[in-house]
Amino acid sequence: MIKVKILGICGSLRHGNSEFLLKKSLEAAKSVAPEYVETEFYTLAGKTIYTCDFCLLCLEYKDCMVKDDFHELKEKWLEADGIIYSIPVYHLGMPANLKAFIDRLGQTVYGSSGDVPPKFMKVIGVIAQGTDLGGGAELTMIQAITHALVMGSIPIAGDGPESYIGAYGWTKRSWFTDSFERLLEQKDFDAETTLRAAESLGRRVAYLSLIVKNGAHLLKDLLKKDPKYNWYLSKIENDVKKK
Ligand SMILES: Cc1cc2nc3c(=O)[nH]c(=O)nc-3n(C[C@H](O)[C@H](O)[C@H](O)COP(=O)(O)O)c2cc1C
């Protein structure tokens, strides 16, 4: 079996609830098959990612020319087989830093592929939480899910009934960095539901990443007929060589 790498991207600018839930989700992903599932945690806390200024230099240079932490995360994104975004809700959507990363990632790959981006085939799961019930967690998840689709990737949920489209939750109006941990200590039903959703999401991302990567390897002769899969097939080949 070919190994997979699951990258957890924490969209919070602090070490708080998004980070806590993401680490639990990654632990669950690893537990699926510890020898075949590698996990990595990455946080935007302390990182600088400028917004896309539409300079279009990516068309010429096939990469984004703005020098900041975008490049480190872009390499990790491209290398991963599965991605779990953990996003704090800001004004009913994702924080600007994460949006800036996604804007520049999309622009760079579309720009450098002549508007015909490859099928990246990442399995993508989303966790989102905010202080308020109905405060925009589902809207934020949908924004990340549509990003998965446009990046030729595969959005996935955890298990029902907790995880309809990913894992979402609220901190019951508390702003602490450890609001979820406090609620879990009190055996709060909503927080326990969010945690279970984050864990089942992690497991599903791991399983589907293994299925997609190993399945594509088995079907490589078929997929070679469609140039949209070239990028993905050479990634798998490189990963197999690295083993
Ligand atoms: C600028 C800003 C905007 C926010 N907007 C929302 C919002 O629209 N809806 C909501 O439920 N929570 C909102 N929040 C609260 C955070 O989503 C919430 O505190 C979350 O638990 C923070 O996650 P973290 O601990 O991972 O940073 C906002 C927080 C900030 C700083």
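As shown above, the structure is provided for reference.
Reading guide: rules and limits
- Residues numbered from 1 in each chain as written.
- Predicted model: local features only at pLDDT ≥ 70, side-chain atom pairs only at ≥ 80, totals over all residues.
- Axes fitted to C-alpha atoms, helices over the stretch in contact; angles between N-to-C directions.
- Helix = DSSP H or I, 4+ residues; strand = E, 2+ residues; numbered from the N terminus.
- Parallel < 35°, antiparallel > 145°, perpendicular 65-115°, else oblique.
- Left-handed = near helix turned anticlockwise from the far one by under 90°.
- Contact = placed C-beta atoms within 7 Å.
- Nonpolar A, V, L, I, M, F, W, Y, C, P; charged D, E, K, R; others polar.
- Pairing = 2+ DSSP bridges.
- Right-handed = clockwise from strand over helix to strand, strands pointing away.
- Expected span 1.5 Å × (residues − 1).
- Near = placed C-beta within 6 Å.

In a packed pair of helices, the relevant descriptors are the angle between the two axes and the axis-to-axis distance. Contact geometry for helix H1 (residues 17-31) and helix H7 (residues 189-218): axes closest at 7 Å, N-to-C directions at 45 degrees. What the angle tells us is that H1 and H7 run oblique. Between H1 and H7 lies a crossing whose hand is right-handed. Note on element contacts: H7 touches H1 through Thr-194, Leu-195, Ala-198, Glu-199, Leu-201, Gly-202, Arg-203, Val-205 and Ala-206, opposite Leu-21, Lys-24, Ser-25, Leu-26, Ala-28 and Ala-29. Here the contact of H1 with H7 is composed, by residue class, of nine nonpolar, three polar and three charged.

So, about the pairing of strand E2 (residues 37-43). The sheet contact formed by strand E1 (residues 4-10) and E2 spans seven bridges and is parallel. Pairing of Leu-7 across the sheet is with Glu-40, part of E2. Regarding the hand of the β-α-β motif, the stretch spanning E1, H1 and E2 is right-handed.

Looking now at helix H5 (residues 137-150). Helical geometry note: an α-helix holds 3.6 residues per turn, so side chains three or four residues apart project in the same direction. In this model, H5 (14 residues) spans 20 Å end to end at C-alpha, consistent with the 20 Å of a helix rising 1.5 Å per residue. Taken together, the buried residues of H5 touch strand E3 (82-88), helix H4 (96-112), strand E4 (123-130), strand E5 (154-155) and strand E6 (167-170). Once H5 ends, the next one or two residues include Gly-152, with phi positive near 55 degrees.

Let us now look at the site of the ligand. Close to the ligand lie 20 residues; Gly-16, Ser-18, Pro-88, Gly-130 and Gly-135 are nearest. Where the shell around the ligand is concerned, the elements lending two or more residues are H1 and E4. Across the shell around the ligand, the residue classes tally to five nonpolar, 13 polar and two charged.

Two elements in contact, helix H3 (residues 70-79) and H4, have axes separated by 11 Å at closest approach and are oriented at 65 degrees. Classed by the angle they form, the pair H3 and H4 counts as roughly perpendicular. In the packing of H3 onto H4, the handedness of the crossing is right-handed. Between H3, through Phe-70, Leu-73, Lys-74 and Trp-77, and H4, the contact on the second element is made entirely by Phe-101, Arg-104 and Leu-105. Grouping the constituent residues of the contact of H3 with H4 by class yields five nonpolar, no polar and two charged.

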